[in-house]
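# Chain and residue survey
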Amino acid sequence: MFEIEPLVFWGWVFLTLFIAVMLIFGVVGMRRVKDSDDFATARSSYGPLILALAMTATTASGGTFLGLPGFAYRSGFPALWYALFYPLGVYCGVLLCLRAVRRAGQHFGSRSIPEYLGDRFDSDALRLVAALFSLTLLFYLAAQLLASAVMFTNMLGLPLLPALFVTAIVLMVYITLGGAHADILTDGLQGFLMLLLAPLVLGMFLVGFGVDGGFSGMLSRLDELDPSLTKALHPTHTLFDSWWDVFALFCAHLPLGLLPHIGNKLWALKDNRQQVKFIVLSFIFGLILPTITFGGLLARARLGDVLLAEGRTPNEAIPELFIATLPSWMAALIGTGVLAAVMSTADGLVVSIAQIFANDIFRRTIAPKWMQKSNARTIDRAALLISRVATVLILGGALAMAWSMQEMNVALLIWVGVGGMMAASSGPMFLGVLWRRTTRVGSLVGFVFGGLVFSLLKLGLIQPESFSEGTLQSIVDWLAAQESNPYSCATLGGFVSVATTAAVSLVTEPPHEEHLDLLCGERVRSSPPPNECNDDPTQQPCAD
């Protein structure tokens, strides 16, 4: 008889059930897809509860369920600043922009955030620049694949490369079938599982589960391992060694909810009158999920420094904690919940990156110029085909990237991809919603400068030795020191994006009032997208 370890056995049982449900949702989603717009956005198809679960799950990702506990394992209580300020930043940003993004999506039929920016500023150049810059989200997708592989490796005993292939194949099948519908349906279920898991881990932390002496014993053990683990800031961790770093965590996450893979869910809400309920539910769920960060503290107290050794990674803190403290079947079941967190972001990323090729490049750029004789149905079928082919190619590229970057912290790898996009889009996105005077040229310049500043800082291209001693060199020294902190780089890039967008807008031609009227809901286009109503009782005038 073949002997199988109980953890591996139960891991395969729950994984098989999980994958089966995901594939069923893929088939259900395929039956709901009527055209390429449906594949891209599932426009006006879902109520606030399932959409809030889906959006929260997509926002949380493997960075929350593996990366944040990994930070807490390494740096202790200071990592809790991240757990607090990232959901506050995300949902404050969404609250600012939700109504305007949905309204413009209704009037213009926008299918992606780059397309929304192009429509908002009536600029093909901004749409293309934003779409091409969005390709950096491949790093984000690679991080999700890597997080999935960590779970497969720890719970099922699979080597890393086969684990990456399993993750990619499952995602490829159900997203290729059902697009945004499959994404939202699976994310809704995954979000529900995650909401069960996070409070459970918090409860384990509060009783010091598996540690001699309970909660007080856990605190004593952390202080014994490293006194800095129980301080408000960690003097040797570049992400948590100053109050500026804490402030940057909040600011850097403000645009996160408007990244393409999250922002496109705003168009799937069925009824505009449910916007308040949707954002309240999302905010509540978003505050609950990061409580899994406490598991990293418990893991450090229970496991010691074992995951800091060469060949190990703090990304393993949560699965190793479950293995060390829970029965095999329960550890495997909870591990499936962590896997759900990872998949919930990865599928949304695949859909949004595919739209760069199918929508922003093909439907909005190539088709109007070189397919003028083709009818709308032909172009739509071609866009749908490109979406599905791009899904396969995108996952292949992300798999290769994940393999080459397997030693990086999951949360940091995510921010290599999203930091530049968020820095660049801060000015056009927020000022475009809050200030009618924001111009086409200003938004384009702000986008480019924000992304450029992030890149200069993160790549370490600022050379302090080129400046003479004095105040200027002190400032440059500080800027150069931010290289290791992607959140600080994104915050500074975002500030530059906002400032340059505003400054250039003041000296360039203002936008046409007719176009602004469309954005503010005062006029609607003659032929709205299918299955969409333009009646919006919650509409308010745009900010002056």
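What you are looking at is a predicted structure, and each value in this text was computed from that prediction instead of being measured. (Residues numbered from 1 in each chain as written. Predicted model: local features only at pLDDT ≥ 70, side-chain atom pairs only at ≥ 80, totals over all residues. Heavy atoms only, no water.)

### Topic: the overall build of the protein chain
- Along its length, the protein chain carries 21 helices and zero strands.
- Here the protein chain holds 544 residues, and 59% of them are scored as buried.
- Within the protein chain, counting contacts between residues at least 6 apart in sequence, those at least 24 apart form 83% of the total.
- Total accessible area on the protein chain stands at roughly 20,700 Å², and carbon and sulfur atoms take up 66% of it. (Helix = DSSP H or I, 4+ residues; strand = E, 2+ residues; numbered from the N terminus. Buried < 20%, exposed > 50% of the residue type's maximum accessible area, 1.4 Å probe, protein only. Contact = heavy atoms within 4.5 Å. Areas by Shrake-Rupley, 256 points an atom, 1.4 Å probe, with all protein chains shown as cover.)

### Examining the confidence of the model for the protein chain
- A residue-level look at the protein chain finds 90% of positions with pLDDT of 70 or above and a mean pLDDT of 83.
- Predicted confidence for residues 522–544 stays below pLDDT 50, and this span has 55 contacts to residues more than four positions away or in other chains. (pLDDT = per-residue confidence, 0-100.)

### Concerning the packing of aromatic side chains
- For the structure on display, the rule yields 16 aromatic pairs.
- Geometrically, the ring pair formed by Trp10 and Phe14 is stacked, given 5.8 Å between the ring centres and 25 degrees between the ring planes. Here Phe14 and Trp10 lie together in helix α1 (residues 6–32), a separation of four residues that amounts to about one turn.
- An aromatic cluster is defined as three or more aromatic residues linked by ring pairs; in this entry it consists of Phe71, Tyr82, Tyr86, Phe240 and Tyr487. (Phe/Tyr/Trp six-rings, centres within 6.5 Å; stacked < 30°, edge-to-face > 60°.)

### Quick look at the nonpolar core
- Membership of the largest hydrophobic core comes to 144 residues, with the highest contact counts inside it found for Tyr82 and Val101.
- When residues in this core are grouped by element, the largest group, 19 residues, is from helix α8 (residues 160–206). (Core = buried A, V, L, I, M, F, W, Y, C linked by side-chain atoms within 4.5 Å.)

### Notes on a nonpolar patch on the surface
- On the surface, Leu23, Leu161, Phe165, Ile169, Val173 and Trp403 cluster together into a nonpolar patch covering about 500 Å² of accessible area.
- Examining the composition of the nonpolar patch, we find that four residues originate from one element, α8, more than from any other.
- For Leu23, the position within the fold is in helix α1.
- According to the relative accessible area criterion, Leu23 is partly exposed, its value standing at 30%. (Patch = residues over 30% accessible without salt bridge, like charges linked within 9 Å, V, L, I, M, F, W, Y side chains within 5 Å. Salt bridge = Lys/Arg side-chain N within 4 Å of Asp/Glu carboxyl O.)

### A short note on unusual backbone geometry
- Within the chain, Ser44 stands out as a residue other than glycine whose phi angle is a positive 55 degrees.
- The backbone of Asp122 sits at a positive phi, close to 50 degrees, despite the residue not being glycine.

### Observations concerning the packing of helix α4 (residues 80–108) against helix α12 (residues 275–288)
- Between α4 and α12, the shortest axis-to-axis distance is 10 Å and the interhelical angle comes to 165 degrees. One element, α4, and the other, α12, form an angle in the roughly antiparallel class. The way α4 lies across α12 gives a crossing that is right-handed. Across the interface between the two elements, Pro87, Leu88, Tyr91, Val94, Leu95, Leu98, Arg99 and Arg102 of α4 pack against Gln275, Phe278, Ile279, Ser282, Phe283, Gly286 and Leu287 of α12.
- For the contact of α4 with α12, the residue count by class is ten nonpolar, three polar and two charged. (Axes fitted to C-alpha atoms, helices over the stretch in contact; angles between N-to-C directions. Parallel < 35°, antiparallel > 145°, perpendicular 65-115°, else oblique. Left-handed = near helix turned anticlockwise from the far one by under 90°. Nonpolar A, V, L, I, M, F, W, Y, C, P; charged D, E, K, R; others polar.)

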